[in-house]
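For reference, the chains in residue letters:
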2 protein chains.
Amino acid sequence: MDFQTLKNKITSGGLKFTHQRMVIYEVLCSSEDHPTAEMVFSRVKEANPGLSKGTVYKTLDSFVHANMVQKFTDDLGLMRFDPVLESHSHLYCSKSKKIRDYKNTGLEKMLKKYFEENQIDGFEVEEVSLVIKGKTK
Amino acid sequence: MDFQTLKNKITSGGLKFTHQRMVIYEVLCSSEDHPTAEMVFSRVKEANPGLSKGTVYKTLDSFVHANMVQKFTDDLGLMRFDPVLESHSHLYCSKSKKIRDYKNTGLEKMLKKYFEENQIDGFEVEEVSLVIKGKTK
DNA sequence: CTGTTTGCAAACCATTTGCATTGGA
DNA sequence: TCCAATGCAAATGGTTTGCAAACAG
C-alpha cells in the first residue's frame, strides 16, 4: 500500500494523519495473524523505537471507532485486531494457537437464509459468525 | 437439584465434595446468564459470607477440568461459565449485554454435514459454534 | 493558534499464584 | 493421617487513564 492510499485510509476515517497511525496501520495490514495490541507494539517498535505502547492501544481503538479495523476476543480473552472489514469467520488452531481468517460467501448466504426462514424466538439477528476450532494440517 | 444429585455430580467428576463446591455449582446451575467468576462470587457470598473470591476462581477451574462446566470468553474478554455441556451456540444481545444459550440440533447437523462435504484447505475441523449478535425483541 | 495526539507512568481490574491453615476421605 | 481444598494477600498482565509536551490542520 503506497503512502497516498495509506494517508487516505486514515484521513477519510476522520482521523488526523500521523506517522504513528501510518506505521501501526501498515503493520496491521501486513500481519495475517490477527495480532493483539502487544504484538502490534513489538512489531512496530523495531523500526520505530520511540513509539509508546499507550499510543498503540489508543490508535487501535481510534481505528475501531473509525471503522478501519475489527476487534474481537480470542479464546483466552485477549483482544485481537483485524483489518479485514467484511464479515468473515475465524479458524482457531488448538496446536499453534494461531487464528486464520475463513471467508466463505456460500456458507454465509446459507446461514443468512437460515435465520431469515427460522426466526429465533424473542431475538432479532443482526450478525452471525462462526468459531471454528480444530488443527492445522 | 437435591443434595444427593449435587454431591454425585461433584464426586463423579473426581472432585472432593465440599460445601463451597456445592454452593458454587448450585449458583451456576440456577444462573441463566453465563456469569463471570465475579458474578458467581457476589451471588454466592450473600448466603456464604465466608467464601473467598480465590476459591470461586479455583473451583470454577476445577469444574472445567472435571468437565462439569464449559468456559468461554465474551466479546469484552471476560471469562463466562456455562453448566450446559452439550455443544450449543450463544446469542449476544447488544442492548442488555446478556448472553443466552441457543441450542439448535438441526442447524448443528447442517453445519457438521457442510464441513464434512466441504473440507477447509489445510485445516481439520473439530468443533463449530455460532456467535449470533443482535437484539432481544 | 487550538484542539488532537503522543509518551510516559500510574492506575485498573480480572485472574493467578503462594503459602499457611483447614478439612475431607 | 495425608493430601487436597480453602482463605487471604500479593503478584501478574493486558488494558485504560491522566496529564504535560509535541504536533497536525
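The name an unreviewed UniProt entry assigns to chain A is Transcriptional repressor, from the organism Cyclobacterium jeungdonense. Under the Sequence similarities (unreviewed entry) heading, UniProt states for chain A: "Belongs to the Fur family."

Draft legend 1. Seen up close, the protein's contact with DNA strand D. Taken together, 17 residues form the shell around DNA strand D, and within it Lys58 of chain A together with Thr18, Gln20, Thr55 and Lys58 of chain B come nearest. When atoms of DNA strand D within 4 Å of the protein are split into backbone and base, the sugar-phosphate part holds 75%. Taking Gln20 of chain B, its side chain carries an N or O atom lying 2.8 Å from a sugar or linking oxygen of DNA strand D. Taken together, the elements giving at least two residues each to the surface near DNA strand D come down to helix H4 (53–65) of chain A together with helix H2 (19–29) and helix H4 (53–65) of chain B. For the surface near DNA strand D, the leading source of residues is H4 of chain B, giving 3 residues. Taken together, the residues of the surface near DNA strand D break down into 5 nonpolar, 6 polar and 6 charged.

Draft legend 2. Representation of the sheet that holds strand S4 (residues 99–102) of chain A within the structure. Read from one edge of the open sheet, 6 strands run S4(A)-S3(A)-S5(A)-S5(B)-S3(B)-S4(B), paired in mixed fashion. Each edge of the open sheet is held by one strand with a lone partner, namely S4 of chain A together with strand S4 (99–102) of chain B. The average undirected angle you get between the axes of adjacent strands in this sheet is 30°. In the packing of helix H5 (residues 105–117) of chain A onto the sheet, contacts are made with S4 and strand S5 (123–136) of chain A together with S4 and strand S5 (123–136) of chain B, and the angle to S5 of chain A comes to roughly 140°.

Draft legend 3. Layout of the interface of chain A and chain B. Listed as interface residues are 37 residues of chain A and, on the opposing side, 37 residues of chain B. Carbon and sulfur atoms supply 59% of the area buried between chain A and chain B, which totals about 3100 Å² over both sides. Interface area lost by chain A to chain B is led by Tyr114, Phe123 and Lys137 of chain A, which between them contribute 19%. There are 2 salt bridges connecting chain A and chain B. The residue Glu126 of chain A makes a salt bridge to Lys135 of chain B at a minimum N-O spacing of 2.9 Å.

Draft legend 4. Seen up close, the pairing of strand S1 (residues 70–73) of chain A. Pairing of S1 of chain A with strand S2 (residues 79–82) of chain A, which is carried by 4 bridges, proceeds in the antiparallel orientation. Looking across to S2 of chain A, one finds that Phe72 of chain A is bridged to Arg80 of chain A.

Draft legend 5. The arrangement of the relation of the copies chain A and chain B in detail. The operation relating chain A to chain B is a screw motion whose rotation component is 179°, with 0.0 Å of axial translation and a residual RMSD of 0.1 Å. The transformation relating the two chain copies, once decomposed into turn and shift, fits a two-fold axis. When C-alpha positions in chain A are compared against the rotation axis, the closest is assigned to Gly77 of chain A, at 2.1 Å. A shared interface surface links the copies, since 100% of the contact residues of chain A are contact residues in chain B too.

Draft legend 6. Region of interest: the protein's contact with DNA strand C. In the region of DNA strand C, 17 residues are neighbours, and Thr18, Gln20, Thr55 and Lys58 of chain A together with Lys58 of chain B sit closest. Within 4 Å of the protein, the atoms of DNA strand C are drawn from sugar and phosphate moieties in a proportion of 70%. One of the side-chain N or O atoms of Lys58 of chain B is found 2.8 Å from a base oxygen in DNA strand C. Contributing elements (two or more residues each) for the surface near DNA strand C: helix H2 (19–29) and H4 of chain A together with H4 of chain B. For the surface near DNA strand C, the leading source of residues is H4 of chain A, giving 3 residues.

Draft legend 7. Region of interest: unusual backbone geometry. Residue and element names in this part refer to chain B. Phi angles above zero are rare outside glycine, and His34 is one such case at about 55°. Here the phi dihedral of Asn67 falls at roughly 65°; this positive angle occurs in a residue that is not glycine. Relative to the helices and strands, Asn67 is located in the loop between H4 and strand S1 (70–73).

Draft legend 8. Summary view of the packing of aromatic side chains. Using the criterion set out here, one finds 8 aromatic pairs over all chains in the structure. Measuring from ring centre to ring centre gives 6.1 Å for Tyr102 of chain A and Phe115 of chain B, while their planes differ by 50°; the resulting arrangement is tilted. Note that Tyr102 of chain A is positioned in strand S4 and Phe115 of chain B in helix H5 (residues 105–117), a pairing that runs across two chains. For the pair shown, Tyr102 of chain A and Phe115 of chain B are each scored as buried. Ring plane angle 80° and centroid distance 5.5 Å describe the contact between Tyr25 of chain B and Phe63 of chain B, whose orientation is recorded as edge-to-face. Of this pair, Tyr25 of chain B sits in helix H2 while Phe63 of chain B sits in helix H4, and the two are 38 residues apart along the sequence. Residue class for Tyr25 of chain B comes out buried when judged on its relative accessible area of 2%. By relative accessible area, which is 0% here, Phe63 of chain B ends up buried.

Criteria and cut-off values
- Residues numbered from 1 in each chain as written.
- Chains lettered and ligands numbered in written order.
- Predicted model: local features only at pLDDT ≥ 70, side-chain atom pairs only at ≥ 80, totals over all residues.
- Heavy atoms only, no water.
- UniProt positions renumbered as here; feature names shortened; annotations may be inferred.
- Near = heavy atom within 4 Å.
- Polar contact = N/O pair within 3.5 Å; in protein donor to acceptor, adjacent residues only side chain to side chain.
- Helix = DSSP H or I, 4+ residues; strand = E, 2+ residues; numbered from the N terminus.
- Nonpolar A, V, L, I, M, F, W, Y, C, P; charged D, E, K, R; others polar.
- Pairing = 2+ DSSP bridges.
- Axes fitted to C-alpha atoms, helices over the stretch in contact; angles between N-to-C directions.
- Contact = heavy atoms within 4.5 Å.
- Buried area = accessible area lost by both parts, 1.4 Å probe.
- Salt bridge = Lys/Arg side-chain N within 4 Å of Asp/Glu carboxyl O.
- Least-squares fit on C-alpha atoms with pLDDT ≥ 70 in both.
- Phe/Tyr/Trp six-rings, centres within 6.5 Å; stacked < 30°, edge-to-face > 60°.
- Buried < 20%, exposed > 50% of the residue type's maximum accessible area, 1.4 Å probe, protein only.

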